[in-house]
Structures are given as C-alpha cells and as structure tokens.
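Structure at a glance
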Amino acid sequence: MQRIDAIVIGGGLVGSAIAYGLARAGLKTALIDEGDVAFRASRGNFGLVWVQSKGLGAPHYQRWTRRSAEEWPKLAAELVAGTGIDPALEQPGGVHLCLSDQELDERRARMEQMRAEAGNFGFDYRMLGPSELKDMLPRLGPAVVGASWTPYDGHANSLYLLHALHNGFVQRGGVYIPNRTIDYAAAQPNDFRLGSGADEVAAPKIVLAAGLGNAKLAPLFGLRAPVRPQRGQILVTERAGRVFDMPTTTVRQTVEGGIMIGDSMEDVGFDTSQRPDVMAAMAERAVLSFPWLAELQVVRAWAALRVMPPDGTPIYDESEQFPGAFTANCHSGVTLAGAHANVFAAMVAAGALAPEMVPFSARRFDVPQAA
Amino acid sequence: MFRKRPEGSAATVWVTVEGREVQVPAGASAAAALLLAGLAATRETAVSGAARGPYCLMGVCFECLAEIDGVPNCQSCMVTIGPGMAIRRQHGKRIATPQ
Ligand SMILES: Cc1cc2nc3c(=O)[nH]c(=O)nc-3n(C[C@H](O)[C@H](O)[C@H](O)COP(=O)(O)OP(=O)(O)OC[C@H]3O[C@@H](n4cnc5c(N)ncnc54)[C@H](O)[C@@H]3O)c2cc1C
Ligand code: FES
C-alpha cells in the first residue's frame, strides 16, 4: 500500500489545476484519470478566460470568476517558467456582440444587474456602439448593433494549459495515474483508500474532480454532484495572420492564427455527435458579425460535453460524513484554472474550505422534505 | 468513384507553378504539378515556418497547401488541374483581408 497526502480523481482542467496546486504546496499527490474513453470537456472547449457573463444572480460566483482572472497571469507566468509550456494567456478585455436591438437591451439589463450585484467590488463595463467597436475589432457587419465590453476578459490555449499543469504537477513530485476508472473507494473520515493489494493508494484527503463522472462518484463519499452534460460544438478556420486579439463570446482568433467559432448549448445527454444545422447556425452568426470570415475555410469541427450543474454555478463541497473529501465541478474550467490552482488547492491543503465557499455547496439543491 | 491514374498519360496541359510554365498530364492534381515543377518544398508552415511538401496525396495531412488561382491554403492534392491554372507556394499564414 502506498500512503500519500492527497488523491485527486479526474485529470481534466479542474483536477489538474487542483493537483498542481496541492503538489506545489508540498503535498504528495496522486492524480487519477479514466483516460480517452471518458467525456472530457477539457480537450474540447473554446478557450475563453471569461468574466463578463459569469454569476448573474450569484454574486459569489461573479467574485470567484474575477478572482480567477486575477490569478491567471501569475499561474501562466509560473507555468511558463517552470515547464516552458506557454498557455498563451491574453487578457485584453472582451466583447459580447449583439445582433438585434432586443439582444442589446437584454445584454444591457444583464450588465446592469451584474454591476448592482458586484457591490463594493465594482464591475467595470461599457455598452459600445458600432463606431466605438471599430477600434477594437476588424470590419464588423452591419448586423452588429452594439456590444458589451469589460476589461476583465481574455483567452488562452486550453490544451497547452492542460499540458503545462500536468507537466508542472509531475515536476513537483506528483504521481499521474492514467487509464484507471474509479468506481469504488473505501471512505472513512480523513482516510480514503483506492485499489487493492500492492496497487492500494491511501490518503487523508481526496478531491473529486472527475467532471461528469462526479455524479456517480460523489455519493461514495457522502457528497452530491448532480451535474449533467450540455453539448457544445465548435468550428475552427484555417490559420490566418493575426487580425484581432480582442476575444468575443463566440468568435476569437488564437495566437496560432486559426479563428474559432463557438459554441452551441444543447441538452442532448451523453451524445458528442455533430449537427450540420447547429454548425450552420453558428457559422451564419459568425459571418453576420464578421463578413470577411466567409472567405476562410473551416478545417476542423467538433462537439464536446460541458459539465453543467443544475443552476450553472460551480459546485465546491466538503463532506460532513467523511471530512477530508471534497468536490469541484464547473462549466468554465479554463476560466477558473487560476482560482483552482492558487486558491481552492490551498483550502484543500489547509483541510477545510473557506467560509466564502459555503454558497457553492451542493446542499443548495436539497429540497426541504414536505411535512 | 474510381479514376484512371494519370501518371501514365502524356503531359499535355499547361499550368504555371510560381509563374513558370509547366506541362502536366490531364487529370493530374495541382500537387502533382508542384512536384513535376521540381519544387522540393512547396510551403512554409503557419506557425514555425518549417519547409513542407505534399505528403499523403489523399487529402488527409494538409501538408500540400498551396495558393491556387489566387485562393490561399488549398489542399493541392485534392484539386485537379485545368489549362492555365496558376499554382503558387503557400508562404506561412494566409491573410484574412478584413479591409
Ligand atoms: C464546447 C465547450 C466550450 C467550452 N468553452 C469554455 C471556455 O471558453 N472557457 C471556459 O472556461 N470553459 C469552457 N468550457 C468548459 C471547460 O472545458 C470545462 O469546464 C472543463 O474542461 C471541465 O473540466 P473537468 O476537469 O471538470 O472535466 P473533464 O475535462 O471532463 O475531465 C474529467 C476527467 O475525469 C476523468 N474521470 C471521469 N470519471 C472518472 C472516474 N470514475 N475515475 C477516474 N477518472 C474519471 C475523465 O477521464 C476526465 O479526464 C467549454 C466546454 C465545452 C464542452
Ligand atoms: S498531401 Fe496530404 S492533404 Fe494533400
């Protein structure tokens, strides 16, 4: 049997960021991942480090996202220095384009509410008209009536981020165990054991970060993680010289030059097939926004499943029944990587989540029993 | 679905490769024209600028990118030549031209 300090289940962006943070804090950590058979959002996402639309009606989530965007540059610089792998973070702000007056009115109302809920933390945003947008984005179509802008947004290469986190984790003494599906664990307070015989791994702390796999795993540890899949499709064009560095919610140009067009939101269960009608609608909206995009060829397209909590707000929890067991689930694992590596991991290392994490508990889904 | 392999036939169609006239068999691909023109490398990659040339010749690897009749980043192995076709090397990234 191998005794270590912490086990993290799930080697996607969430688990890897937390495991990296734990290893950096000096904990001997094992990161266990199911492998290519799993649904893995971390390998199919859009790469935004996005703040402006996160946490409507949930100010704790808005703050957590802002915090993560602030931690991101530190994490990126540390990963580059330590691993030589650059997650290509750029945070020039970000724009959400509106293609009708109705969209613009709804967006304005949303941004106003975000500011109201930000309270003392402030929420810097501006609604921009086409003439102001001209300075930020290349040749917009006449369909664009306006946009919202905040200085907090950005984008990154999420595959390099994942690669760098894995690399940095192993470099700091972490043990990565791939191709292992966890479906059973012996749980006692501050005593968790996986596997058997010589393969047995025991640790006083365990973090469940298995994405969609958390729904089944959490109950083994006295926790709940009622996440469901939400499909998103993405298109990528051929590489072109850099035209713009300002990301928008659905169109952005990567540092390599490809233009990514994203991403649909479809509730279709565990189904990663692609739909031509959805892809066509995405392409059409992209070309209405940037007519010159029509000249570029789409060279890749895929679908992947988001890890979606019932109310869209992340789930972070610690087990009352088995102290030492934690969950982490969210649909914006790129954006939240800074908070996971630099803030959440420190809480786990300290043995308990900070009070500000209480509103993220899955206990919010417990419906009171009818009398 | 099946087409006669063009290699056996005589080179009868004139195209230009990098502005130079080259005669190629009817039905050949633009990638074949690039190779017949004797170019060792037909493009530079978009990110590192490494020299590359046609490789799989069946539309899979994207190594054969070329500018054909003014359209950048064409998979030249998938394009059948026609009389007067202008084929040029692909130099790195294309330009997206948003005036
Ligand atoms: C189309 C699309 C676009 C997106 N765009 C963005 C974006 O722009 N910005 C952003 O911030 N986020 C975005 N996301 C969300 C982001 O990708 C996810 O939030 C993030 O990847 C979730 O990471 P994860 O580690 O929780 O899950 P996953 O990547 O799914 O990883 C879970 C891991 O757990 C492992 N696992 C599962 N079950 C078990 C088990 N029983 N035992 C062992 N291992 C197990 C799996 O092998 C898997 O590797 C997008 C997602 C999609 C689908
Ligand atoms: S040579 Fe491989 S795609 Fe053309």
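Now for a description of the structure that goes with this document. Everything numeric in this text was worked out from a predicted model, so none of it was measured.

The next thing to look at is the site of ligand 1. Residue and element names in this part refer to chain A. Near ligand 1 you find 39 residues, and of these Asp33, Ser42, Ile182, Gly333 and Thr335 are the closest. Backbone polar atom of glycine 35 to an oxygen atom of ligand 1: 3.4 Å apart, as the coordinates give it. Between an oxygen atom of ligand 1 and a side-chain N or O atom of arginine 40, the distance comes to 3.2 Å. Broken down by secondary-structure element, the contributors of at least two residues to the shell around ligand 1 are helix H1 (13–24), strand E14 (228–239) and strand E17 (298–308). Among the elements that make up the shell around ligand 1, the one with the highest residue count is E17 (3 residues). Residues that form the shell around ligand 1 fall into these classes: 17 nonpolar, 16 polar and 6 charged. Of the domains in this structure, domain 1 (2–81 + 158–226 + 311–365) and domain 3 (228–308) are the two that each give at least three residues to the shell around ligand 1.

All right, on to the interface of chain B and chain A then. Contacts between the two partners involve 11 residues from chain B, matched on the other side by 15 residues from chain A. Summed over both sides, the interface between chain B and chain A buries roughly 1100 Å², with carbon and sulfur atoms accounting for 53% of that surface. Our enumeration of links across chain B and chain A arrives at 2 salt bridges. Salt-bridge contacts for B:Arg94 lead to A:Glu295; the nearest nitrogen and oxygen are separated by 3.6 Å.

With that out of the way, let us pick up the nonpolar core. Residues and elements named next belong to chain A. Among the nonpolar cores identified, the biggest contains 30 residues, and Ile18, Leu22, Trp64, Val207, Tyr316, Phe344 and Met357 are the most heavily contacted of them. The set of elements that each furnish at least two residues to this core consists of strand E2 (6–9), H1, helix H2 (59–83), strand E19 (325–329) and helix H8 (337–350). Ranked by residues supplied to this core, first place goes to H8 with 6 residues. Setting aside residues no more than four positions away along its own chain, methionine 357 makes contact with Trp64, Tyr316, Phe344 and Met347. Within the second largest apolar cluster, 25 residues are counted, among which are Val95, Trp149, Phe244 and Ala286.

Attention now goes to the pairing of strand E18 (residues 315–318) of chain A. Along a regular strand, successive side chains alternate from one face of the sheet to the other. All names here are of chain A. Bridging between E18 and E19 involves 4 bridges; their strand directions are antiparallel. Each residue of the ladder has a partner; that of isoleucine 315, found in E19, is asparagine 329. Linkage of E18 to E19, two consecutive antiparallel strands, is achieved through a turn of 6 residues, within which glycine 324 is found at a positive phi near 105°.

What follows is about the sheet that holds strand E7 (residues 146–150) of chain A. Residue and element names in this part refer to chain A. Spatially, the 3 strands line up as an open sheet ordered E5-E7-E6, and their pairing is antiparallel. In the strand order of this sheet, the two ends are held by strand E5 (94–98) and strand E6 (126–128), each with one partner. Direction aside, the axes of adjacent strands within the sheet are offset by 25° on average. Both E5 and E7 contribute to a ladder of 5 bridges, which runs antiparallel. Within the sheet, the bridge partner assigned to glycine 94 lies in E7 and is threonine 150.

Taken as a whole, the second largest pocket encloses approximately 910 Å³ of empty space. Surrounding the second largest pocket, 42 residues form its lining, A:Val236, A:Arg239, A:Glu256, A:Gly258 and A:Arg300 being those nearest its centre. At the level of elements, helix H5 (158–171), E14, strand E15 (251–253), strand E16 (258–261) and E17 of chain A together with strand E3 (43–44) and strand E6 (71–75) of chain B are the ones that each hand at least two residues to the lining of the second largest pocket. In terms of residues, the lining of the second largest pocket owes the most to one element, E14(A), which gives 4 residues.

What counts and how
- Residues numbered from 1 in each chain as written.
- Chains lettered and ligands numbered in written order.
- Predicted model: local features only at pLDDT ≥ 70, side-chain atom pairs only at ≥ 80, totals over all residues.
- Heavy atoms only, no water.
- Near = heavy atom within 4 Å.
- Polar contact = N/O pair within 3.5 Å; in protein donor to acceptor, adjacent residues only side chain to side chain.
- Helix = DSSP H or I, 4+ residues; strand = E, 2+ residues; numbered from the N terminus.
- Nonpolar A, V, L, I, M, F, W, Y, C, P; charged D, E, K, R; others polar.
- Domains from an automatic or database assignment.
- Contact = heavy atoms within 4.5 Å.
- Buried area = accessible area lost by both parts, 1.4 Å probe.
- Salt bridge = Lys/Arg side-chain N within 4 Å of Asp/Glu carboxyl O.
- Core = buried A, V, L, I, M, F, W, Y, C linked by side-chain atoms within 4.5 Å.
- Buried < 20%, exposed > 50% of the residue type's maximum accessible area, 1.4 Å probe, protein only.
- Pairing = 2+ DSSP bridges.
- Axes fitted to C-alpha atoms, helices over the stretch in contact; angles between N-to-C directions.
- 1 Å grid on protein atoms, 1.4 Å probe; cavity = no way out; pocket = protein on both sides within 12 Å on 5 of 7 lines; lining within 4 Å.
- Points joined across faces, edges and corners; volume = space filled by probe spheres on them.

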